[in-house]
Amino acid sequence: MQIIESKQRIKAQTATTVKRLLFVGPKPPPIGGSPLTVQAMLAELVLYPSIQVTLINTSPALDVRKKMTGFNFEKVIRSMLILPKYVLEIPRNDAVLVFANDLFAITLAPFLLFLAKLFHKPFYLKPVGAGLDLFINAQKKIFREYLLFVLRAADGILTQTKLLKNDLNKLGCMNAHYLPGCRPLAKINQSPKQGSSEFRIIFLGHITRLKGPLVLLDALKIVTEMSDEPVSCDFFGPIHDEIHDEFIKGLNSIPNAHYCGVAEAGAGPQLISQYDALVLPTYYDTEGHPGVLIEAMHAGVPVITTQVRTFPELITHGVNGFLLPTQDSDFLAQAIILLAVDPELRKRMGEANHLKSHEFCAENVVGQLLKIVFPDLLAVRHAS
């Protein structure tokens, strides 16, 4: 009896312990995969009374339509603003979680890690996407060994994909943990889809060349030539400068394609649920778990996408969607037609996609996160 009471006392004490997490990452605006993931995780963490979060927002000030990869002075300025806030906040927190998006965060991470070690705070790095191993292997030996030294010194690397976890393990980073991308478990209004006689597809995301919107426009042309099936496509997302004129010209040449502006943050699953399929013909090599694919899962909508190296973790070809060769409008057109003429196939794929969505809901992912970052804490979640 005393042993049981003692265990209950320990659990009660653990449950009332407050842990403070310093969260460094981008929050919307602008809308994008990483900011929406951060937003989803922050909203979920609020439901844990034993967790207090301090956010240092690294969201870029640049217009999202401009080129934002590589080096620029805006990133230097952001670094200068982040470091003083970080130095001020780190003594007040019990652990640090840093979202590392592209070269900016990778180069800043060593300084943040050093300061965390200086204050004896556990430091966890969450790379965005799945290209960290490619970035490391592309460097010269000295810099590559330096990056690996930094990564091994972290208390944990929380990879978005299983592939990146395994590749980092092969590079000697045995502190890598798989923590997938996530979205809140959406409550979908199951109203009938508009225009039920028409097969309606949606492209939702940043309209950049590597995301494949031009490939999709070419496929839509082929669909009209190959089939009498009525098919339409709505595009949602910010149009980047590097593709703007070409995209608008292609869009204007196709009567059944429409640009619908930028969707509101968090509206993805409900918006996607009004369509028959989501199409993402990306050929961006470092894609991880795109939030839009997770949103399609929550919406119970089949996906047509490409054979990017991490996508088999999300889509099983022929089960919850199609995985096609990249930059191939003919294959894409054939997949669109196949789904358009087979409503039973669409239904099966949509149900399979929804079933898989639970792996990527924010409640499950944040629960895994807290077990990694605060393993001694019995974190109790309050219902929303």
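Fair warning: this is a prediction, and the values are worked out from it, not measured in the lab.

What counts as what
- Residues numbered from 1 in each chain as written.
- Predicted model: local features only at pLDDT ≥ 70, side-chain atom pairs only at ≥ 80, totals over all residues.
- Heavy atoms only, no water.
- Pairing = 2+ DSSP bridges.
- Helix = DSSP H or I, 4+ residues; strand = E, 2+ residues; numbered from the N terminus.
- Axes fitted to C-alpha atoms, helices over the stretch in contact; angles between N-to-C directions.
- Contact = heavy atoms within 4.5 Å.
- Core = buried A, V, L, I, M, F, W, Y, C linked by side-chain atoms within 4.5 Å.
- Buried < 20%, exposed > 50% of the residue type's maximum accessible area, 1.4 Å probe, protein only.

## A short note on the sheet that holds strand S7 (residues 199-204)
Step number 1: Judged by pairing direction, the sheet is parallel, and its six strands sit side by side in the order S9-S8-S7-S10-S11-S12 without closing on themselves. Edge strands, defined here as strands with exactly one partner in the open sheet, are strand S9 (257-259) and strand S12 (321-324). Within this sheet the neighbouring strands show an average axis-to-axis angle of 20°, counted without direction.
Step number 2: Where S7 lies against strand S8 (residues 231-236), six bridges are found, and the strand directions are parallel. Bridge pairing in S8 places Ile201 opposite Cys233.
Step number 3: Where helix H9 (residues 244-252) meets the sheet, it contacts S8 and S9, and its direction lies at approximately 135° from that of S9.
Step number 4: Helix-sheet contacts for helix H12 (residues 329-340) involve S7, S8, strand S10 (277-280), strand S11 (303-306) and S12, and the interaxial angle to S12 is about 165°.

## With respect to the nonpolar core
Step number 1: Core analysis: the largest hydrophobic core is formed by 60 residues, its most contacted members being Leu216 and Phe235.
Step number 2: In terms of residue count, helix H8 (residues 213-226) provides more of this core than any other element does, eight residues in total.
Step number 3: Setting aside chain neighbours within four positions, we find Phe235 in contact with Phe203, Ile207, Pro213, Leu216, Leu217, Phe247, Leu251, Ala257, His258, Tyr259, Cys260 and Gly261.

## Focus: the environment of Val223
Step number 1: Of note, Val223 is situated in helix H8.
Step number 2: With 109 residues separating them along the chain, Val223 and Leu332 place their C-alpha atoms 9.1 Å apart.
Step number 3: Val223 has contacts with Val231, Ala333, Ile336 and Ile337, leaving out every residue within four places of it along the chain.

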